[in-house]
Amino acid sequence: MSTSENMTILARIRSWWKALAHRSQMESELESELSFHVESYAEDLVRQGVPLKEALRRAKIELGPAAAQKEEVRSSVGLRVWDDLRADVRYALRQLRRTPAFTATVLLVLALGIGANAAMFSVIDATLLRWLPYSRPGQLVQLTTVDEQGAPSWMFYPDLVEWRSQAKTFESLAYYTDVEAFLETESGQQQVSRRESERQSFSSTGRPAKTGAGISAGRRNRGQRVRGGTERCGLAKHVPGGSQRGGQTGQAQRQTLYGSRRGATAFYVSGQ
Amino acid sequence: MSKQLELLQGTLDMLILKAVSLGPLHGYGVLLRIQQISGGQLEIQQGSLYPALYRLEHQGLITSEWGESENNRKAKFYRLTAPGRKKLQTETDNWNRMAGVIGDILSSKPEEA
């Protein structure tokens, strides 16, 4: 873009802002200009022998009504669109105030529509658009095993250990599993959702655990019964009413956690 | 005196730029200068003068400042800016080319067609 074009763009913005912010001043200046024009023209007509009153009348007629001139000038500097928009908004607001039932319906429909769209976008953003909150998320993959029919099947930790010893494609690999469990307390049982994760999974993803401790290889394959107890292992995914017992996440002290593994998944960080 | 010609649509801006390129002028002065240069042959609608002046100022092609007129009255004077000078040159070139082409077409004879 040339300097000349830049100057004209700046001049347009300056002129538009001046007309918008100092409208009364602009209109007052225009009135002065028009008065000067009419008087000067009338003087010329008087010099040609036209009577002053007639000269002023002719001068005003030839220039046209001041209101029309102002309207044309406003349009010239781009204020027409702004004026029309402002008038439309004011008219719409008056109409809405006059019909409160309709207004409430419109607002409700808008609120529901916007809310639904926002919720949908949040889901799409979190699941499809946004990168996972790990270092090098583009190199992170999740693998599951399938049976002969192609359905997801169990993955066992010894398999993973075997793969880890032989894998050359991946920088590292780690294991986690989801557990459906019940938290037994003095006041009764509560269903909890729990995730067990290897310590290595945190180093692989570059994200430290916020609470609890990772499960060491030595604690693998202890059967279907999972005891949280005082061993301080695993991470609770969701505890109903969890906000009231936040300090217990993954570290139940005087409670017992029973559960069964729902499935097992390994994920890898590719080194390629 | 022959009948005045009506200004062709879209040419007022060009004529205003030319008029103020000869020196700073107030609105009424612009009108007089164009009529003077044209020998009184052009009829300019006075109502379209000020919207055109404000439009050109909005486009940054002319600039204005308040001063004193020849009869000691307060008046707004317009002058050409650098972009305005460039625009005037472009418009003049285009006009001359167009006038030449139209002139050639209109002056062509049957055997040349």
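Here is a short report on the structure shown in this document.

**What to know about the overall build of chain A**
Stage number 1. Scanning chain A for helices and strands turns up eight helices and seven strands.
Stage number 2. A separation of at least 24 residues holds for 62% of the contacts in chain A among residues at least 6 apart in sequence.
Stage number 3. Of the roughly 17,900 Å² of accessible surface on chain A, 57% is carried by carbon and sulfur atoms.

**Regarding the overall build of chain B**
Stage number 1. Scanning chain B from terminus to terminus reveals four helices and five strands.
Stage number 2. Of all 113 residues assigned to chain B, the portion counted as buried reaches 39%.

**Digging into a nonpolar patch on the surface**
Residue and element names in this part refer to chain A.
Stage number 1. Residues W16, W17, W82, L85, V89, L93, L96 and F102 make up a contiguous nonpolar surface patch of roughly 790 Å² in combined accessible area.
Stage number 2. Elements supplying a minimum of two residues to the nonpolar patch: α1 (3-21) and α5 (79-98).
Stage number 3. Of the residues forming the nonpolar patch, the biggest block, five residues, is contributed by α5.
Stage number 4. Its location among the elements puts W17 in helix α1.

**A word on the packing of helix α2 (residues 23-47) of chain A against helix α2 (residues 27-37) of chain B**
Stage number 1. Where α2 of chain A contacts α2 of chain B, the axes come no closer than 8 Å and their chain directions differ by 45°. As judged from the angle between their axes, α2 of chain A and α2 of chain B are oblique. Two secondary-structure elements touch here, α2 of chain A through H37, S40, Y41 and D44 of chain A and α2 of chain B through G27, Y28, L31 and L32 of chain B.
Stage number 2. When its residues are assigned to classes, the contact of α2 of chain A with α2 of chain B shows four nonpolar, three polar and one charged.

**Notes on the pattern of salt bridges**
Think of it this way: side chains of opposite charge can pair up when their charged atoms draw near.
Residue and element names in this part refer to chain A.
Stage number 1. For the structure shown, the criterion picks out 16 salt bridges over all chains.
Stage number 2. D83 is the salt-bridge partner of R23, the closest N and O atoms lying 2.6 Å from each other. In this pair, R23 sits in helix α2 while D83 sits in helix α5, placing the two residues 60 residues apart along the sequence. D83 carries the same exposure label as R23, and that label is buried.
Stage number 3. The network of salt bridges with common partners includes R23, E27, E71, R74, R80 and D83.

**Focus: a positive patch on the surface**
Residues and elements named next belong to chain A.
Stage number 1. Together, R86, R90, R94, R97 and R98 line one region of the surface with positive charge.
Stage number 2. For R97, the position within the fold is in helix α5.
Stage number 3. Judged by its relative accessible area of 67%, R97 falls in the exposed class.

**Observations regarding the interface of chain A and chain B**
Stage number 1. Contact residues are listed per partner, giving 28 residues for chain A and 26 residues for chain B.
Stage number 2. With both sides pooled, the region where chain A packs onto chain B buries about 2,400 Å², and carbon together with sulfur makes up 56% of that total.
Stage number 3. It is E33, F36 and H37 of chain A in chain A that bury the most area against chain B; as a group they hold 28% of the surface buried on that side.
Stage number 4. Where chain A touches chain B, the interface holds four salt bridges.
Stage number 5. Remark: the boundary between chain A and chain B carries 13 residue pairs in polar contact (both at pLDDT 80 or more).

**Comments concerning the packing of aromatic side chains**
All names here are of chain A.
Stage number 1. Evaluation of the coordinates by the stated rule reveals two aromatic pairs over all chains.
Stage number 2. With a centroid separation of 6.3 Å and 85° between ring planes, the pair formed by W16 and W82 is classed as edge-to-face. Taken together, the residues W16 in helix α1 and W82 in helix α5 connect sequence positions 66 residues apart.
Stage number 3. Judged by relative accessible area, W16 falls into the partly exposed class, the value being 30%.

**Some thoughts on the environment of K3 of chain B**
All names here are of chain B.
Stage number 1. Secondary-structure assignment places K3 in the segment before β1 (5-6).
Stage number 2. Judged by relative accessible area, K3 falls into the exposed class, the value being 76%.
Stage number 3. In the structure, K3 is positioned 39 residues away from L42 in sequence and 9.0 Å away in space, judged by C-alpha atoms.

**Considering the sheet that holds strand β2 (residues 25-26) of chain B**
All names here are of chain B.
Stage number 1. Overall, antiparallel pairing links the three strands, which are arranged β2-β5-β4 in an open sheet. The open sheet is flanked by β2 and β4 (62-68), the only strands paired with a single partner.
Stage number 2. Pairing analysis gives seven bridges linking β4 to strand β5 (residues 74-80), with the strands arranged antiparallel. Counted as the bridge partner of T63 is R79 from β5.

**Some words on the side chain of S76 of chain A**
Stage number 1. Checked against the element boundaries, S76 of chain A lands in helix α4 (residues 66-76).
Stage number 2. If near-sequence neighbours (up to four positions away) are discounted, S76 of chain A is found in contact with P51, R55 and H58 of chain B.

**Observations regarding the nonpolar core**
Stage number 1. Grouped together as the largest cluster of nonpolar side chains are 38 residues, with contacts concentrated most on I16, V30, L53 and I62 of chain B.
Stage number 2. Take this core: its biggest share by element is seven residues, from α2 of chain A.
Stage number 3. Setting aside its immediate chain neighbours within four residues, I62 of chain B contacts L17, V20, L53, L56, E57, Y78, R79, L80 and T81 of chain B.
Stage number 4. Grouped together as the second largest cluster of nonpolar side chains are five residues, M155, Y157, L160 and L173 of chain A included.

Quick notes on the rules
Residues numbered from 1 in each chain as written. Chains lettered and ligands numbered in written order. Predicted model: local features only at pLDDT ≥ 70, side-chain atom pairs only at ≥ 80, totals over all residues. Heavy atoms only, no water. Helix = DSSP H or I, 4+ residues; strand = E, 2+ residues; numbered from the N terminus. Contact = heavy atoms within 4.5 Å. Areas by Shrake-Rupley, 256 points an atom, 1.4 Å probe, with all protein chains shown as cover. Buried < 20%, exposed > 50% of the residue type's maximum accessible area, 1.4 Å probe, protein only. Patch = residues over 30% accessible without salt bridge, like charges linked within 9 Å, V, L, I, M, F, W, Y side chains within 5 Å. Salt bridge = Lys/Arg side-chain N within 4 Å of Asp/Glu carboxyl O. Axes fitted to C-alpha atoms, helices over the stretch in contact; angles between N-to-C directions. Parallel < 35°, antiparallel > 145°, perpendicular 65-115°, else oblique. Nonpolar A, V, L, I, M, F, W, Y, C, P; charged D, E, K, R; others polar. Lys, Arg positive; Asp, Glu negative; His and termini not counted. Charge placed at Lys NZ, Arg CZ, Asp CG, Glu CD. Buried area = accessible area lost by both parts, 1.4 Å probe. Polar contact = N/O pair within 3.5 Å; in protein donor to acceptor, adjacent residues only side chain to side chain. Phe/Tyr/Trp six-rings, centres within 6.5 Å; stacked < 30°, edge-to-face > 60°. Pairing = 2+ DSSP bridges. Core = buried A, V, L, I, M, F, W, Y, C linked by side-chain atoms within 4.5 Å.

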